Amino acid sequence: MKTIINELKNNENVRSNLSALRKLIANEGGTEELLSCFSVEELLAFFDSEDAKTRKNAALLAGDLAEGIKQNAESAKKTVEKLVDGYFSDGTLFTKSSYLKALKSFDIEAHKERLKKRSEELMSYVPEENEKKHIAEERHELDILLADETTAKKHRFTGYNLNQEVVLVTNPLFYETLTASLRGIRTRRHPFGIALMTDSLKPILALRFYREILFTLKPERDIFITDQPETIADAVLKGGILEHIKKRHDAENTAPFGFRLELRGAKDIDEAKVLKRIAVELEEGSRYSLKNSTGDYEIIIRLLADRTGKLHVFIKYLTIEDKRFSYRKNTIAASIHPANAALLMQLAAPFMKDDAQVIDPCCGVGTMLVE
């Protein structure tokens, strides 16, 4: 560390040395030792470098050292001001998200309104093709930085009585047994289990034999995994995904819907890259009513590629409360899935009688016993 710091003090190999310090701290710690021989002022001086990657590394290092810097109120204030000024004045797009990442570790209350205004500007900004990646990163980091009770407010599912097609994900081998519980409802076989139309969702939700419930969405046109991400997102948006989502939730909550995008059944593609590009297009196309989120999401948009490469679109609403198996406080790796346990009980029902005694000496966490 001392060798790196000495070179930094002499303005030698600055970009690589800042990066090396970040790795060193991440792997071995030493924040206090670093700040004892390398001042905050010396670090902030690199924010004015002509080299964009040096500015980026300096900002990220300030974020890494936040806990140590915050021990001194004046140093913390200077660092925040330098990060905010750097964010707004830096003309290089790929550095902007670095300032925002660093600011997440500091108190930004004094600068929140200015940052909110920038966020609003970005919502209406249509980036050039070569800007999309960096603008998306900037928007994402701003969303995290400015998250509060308003933006994080959860939506309430209200679409229980709409006429809609859903798919119950269950064991497809027992179609007849399971559809016996759906008297009076027209069903059809589905690769996932059972597809049905209903205008009364609550009784369906109470069934115990399905793993998850998916809502089908028909894109505007057939889409394939070989299509460009922009083409896929456009067909999904024009297929009415935003309308589908809004129609099923409380209208008074205007907060964006956090979503996660999944792709299944695709082969020989860079899945992470494709999903990221589709997600960016969904955000922009929905005017950020849909926001891609890795953690705090309420919706899963699932793209399933069949054998021909055609993509089928499903929506899973995490806004639907599922308390069917809330008794399962603990699980182990060998635990049976409760939906499978419920299915087994349904299969065994003809051989059971009321008030019988049950012996389950190896009951594990009790899932089968409770079902």
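K.L.:
I keep staring at the pairing of strand β4 (residues 212–217) and nothing clicks. Help me out?
P.N.:
On a regular strand, one side chain projects to one face of the sheet and the next to the other, so that they alternate. Counting buried positions along β4 gives five out of six residues, so the element sits mostly inside the fold. Relative to β4, strand β1 (residues 164–169) is paired through four bridges, and the arrangement is antiparallel. Its bridge partner being in β4, Leu 168 is matched across the sheet by Ile 213. Pairing analysis gives three bridges linking β4 to strand β8 (residues 311–317), with the strands arranged antiparallel. Note on β8: the bridge partner recorded for Thr 216 is Phe 314.

K.L.:
Which parts of the structure should I look at to understand helix α9 (residues 112–123)?
P.N.:
For α9, which comprises twelve residues, the first-to-last C-alpha distance of 17 Å matches the rise-based estimate of 16 Å (1.5 Å per residue) to within 8%. Listed in full, the buried residues belonging to α9 are Lys 112, Leu 115, Arg 118, Ser 119 and Leu 122. In an axial view of α9, the angular spread of the buried residues amounts to 125 degrees, which keeps them on one side of the axis. Opposite its buried face, α9 presents the exposed residues Glu 113, Lys 117 and Glu 120, each directed more than 90 degrees away. Against α7 (73–89), α8 (93–103) and α10 (132–146) lie the buried residues of α9.

K.L.:
What is the right way to read the pattern of salt bridges from this model?
P.N.:
Pairs may arise between side chains of opposite charge once their charged atoms sit close together. Enumeration according to the criterion identifies 32 salt bridges in this entry. For Asp 48, the salt bridge identified is with Lys 82, shortest N-O distance 3.2 Å. Highlighted residues: Asp 48 in the loop between α4 (40–45) and α5 (52–64) and Lys 82 in helix α7, separated in sequence by 34 residues. Since its relative accessible area comes to 55%, Asp 48 is described here as exposed.

K.L.:
Just to check I follow, could you spell out the packing of helix α2 (residues 14–28) against α5 for this structure?
P.N.:
Angle between the axes and distance between the axes are the two parameters that describe a pair of packed helices. In contact at an axis separation of 9 Å, α2 and α5 are set at 25 degrees when each is read in the N-to-C sense. In terms of axis orientation, α2 runs roughly parallel to α5. Like other packed secondary-structure pairs, α2 and α5 cross with a definite hand, here left-handed. Seen from α2, the contacting residues are Val 14, Arg 15, Leu 18, Ser 19, Leu 21, Arg 22 and Ile 25; seen from α5, they are Lys 53, Thr 54, Asn 57, Ala 58, Leu 60, Leu 61 and Asp 64. Taken together, the residues that form the contact of α2 with α5 break down as seven nonpolar, three polar and four charged.

K.L.:
Can you help me understand the sheet that holds β4 in this one?
P.N.:
Paired through their backbone hydrogen bonds, the strands of a sheet run either parallel or antiparallel. Across the sheet, eight strands lie side by side as β2-β3-β1-β4-β8-β7-β5-β6; this open sheet has mixed pairing. Only two strands of the sheet have a single partner each, and these edge strands are β2 (187–190) and β6 (290–292). Averaged over neighbouring strand pairs, the angle between their axes works out to 35 degrees when direction is ignored. Bridging between strand β5 (residues 257–264) and β6 involves three bridges; their strand directions are parallel. The residue bridging Gly 258 from the neighbouring strand is Lys 291, located in β6. Strands β5, β6 and β7 (299–305) of the sheet are contacted by helix α15 (residues 271–285), whose axis makes an angle of about 145 degrees with β5.

K.L.:
Even after reading the chapter, I still don't get the packing of aromatic side chains, so can you show me in this structure?
P.N.:
When we look at a pair of aromatic rings, we describe it by the centre distance and by the angle of the planes. For the coordinates displayed, the defined rule picks out eight aromatic pairs. One aromatic cluster in this structure is built from Phe 157, Tyr 160, Phe 215 and Tyr 317. The residue whose ring lies beneath Lys 96 is Tyr 87, and the NZ or CZ to ring-centre distance is 5.0 Å. The ring of Tyr 210 is capped by Arg 324, whose NZ or CZ atom sits 3.8 Å from the centre of that ring.

K.L.:
Just to check I follow, could you spell out unusual backbone geometry for this structure?
P.N.:
Note: most residues except glycine have negative phi, and most peptide bonds are trans. The backbone of Arg 287 shows a phi angle near 55 degrees, a positive value even though the residue is not glycine. By the element assignment, Arg 287 lies in the loop between α15 and β6. Here the phi dihedral of Asp 355 falls at roughly 60 degrees; this positive angle occurs in a residue that is not glycine. The exposure class assigned to Asp 355 is exposed, which follows from its relative accessible area of 80%.

K.L.:
I would appreciate a short explanation of the environment of Ser 97 in the present structure.
P.N.:
Position of Ser 97 relative to the elements: it lies in helix α8. Dropping the residues within four chain positions of it, Ser 97 is found in contact with Glu 137, Glu 138 and Glu 141.

K.L.:
Sorry, what's going on with the environment of Arg 114 here?
P.N.:
Take Arg 114: it is sitting in helix α9. Classification of Arg 114 as partly exposed rests on a relative accessible area of 41%. The sequence separation of Arg 114 and Pro 191 amounts to 77 residues, and the corresponding C-alpha distance is 51 Å. Ignoring anything within four residues of it in the chain, the contact list for Arg 114 reads Val 84, Asp 85 and Phe 88.

Rules used in this analysis
Residues numbered from 1 in each chain as written. Predicted model: local features only at pLDDT ≥ 70, side-chain atom pairs only at ≥ 80, totals over all residues. Heavy atoms only, no water. Buried < 20%, exposed > 50% of the residue type's maximum accessible area, 1.4 Å probe, protein only. Helix = DSSP H or I, 4+ residues; strand = E, 2+ residues; numbered from the N terminus. Pairing = 2+ DSSP bridges. Expected span 1.5 Å × (residues − 1). Arc of directions from axis to C-beta. Contact = heavy atoms within 4.5 Å. Salt bridge = Lys/Arg side-chain N within 4 Å of Asp/Glu carboxyl O. Axes fitted to C-alpha atoms, helices over the stretch in contact; angles between N-to-C directions. Parallel < 35°, antiparallel > 145°, perpendicular 65-115°, else oblique. Left-handed = near helix turned anticlockwise from the far one by under 90°. Nonpolar A, V, L, I, M, F, W, Y, C, P; charged D, E, K, R; others polar. Phe/Tyr/Trp six-rings, centres within 6.5 Å; stacked < 30°, edge-to-face > 60°. Lys NZ or Arg CZ within 6 Å of the ring centre and 35° of its normal.

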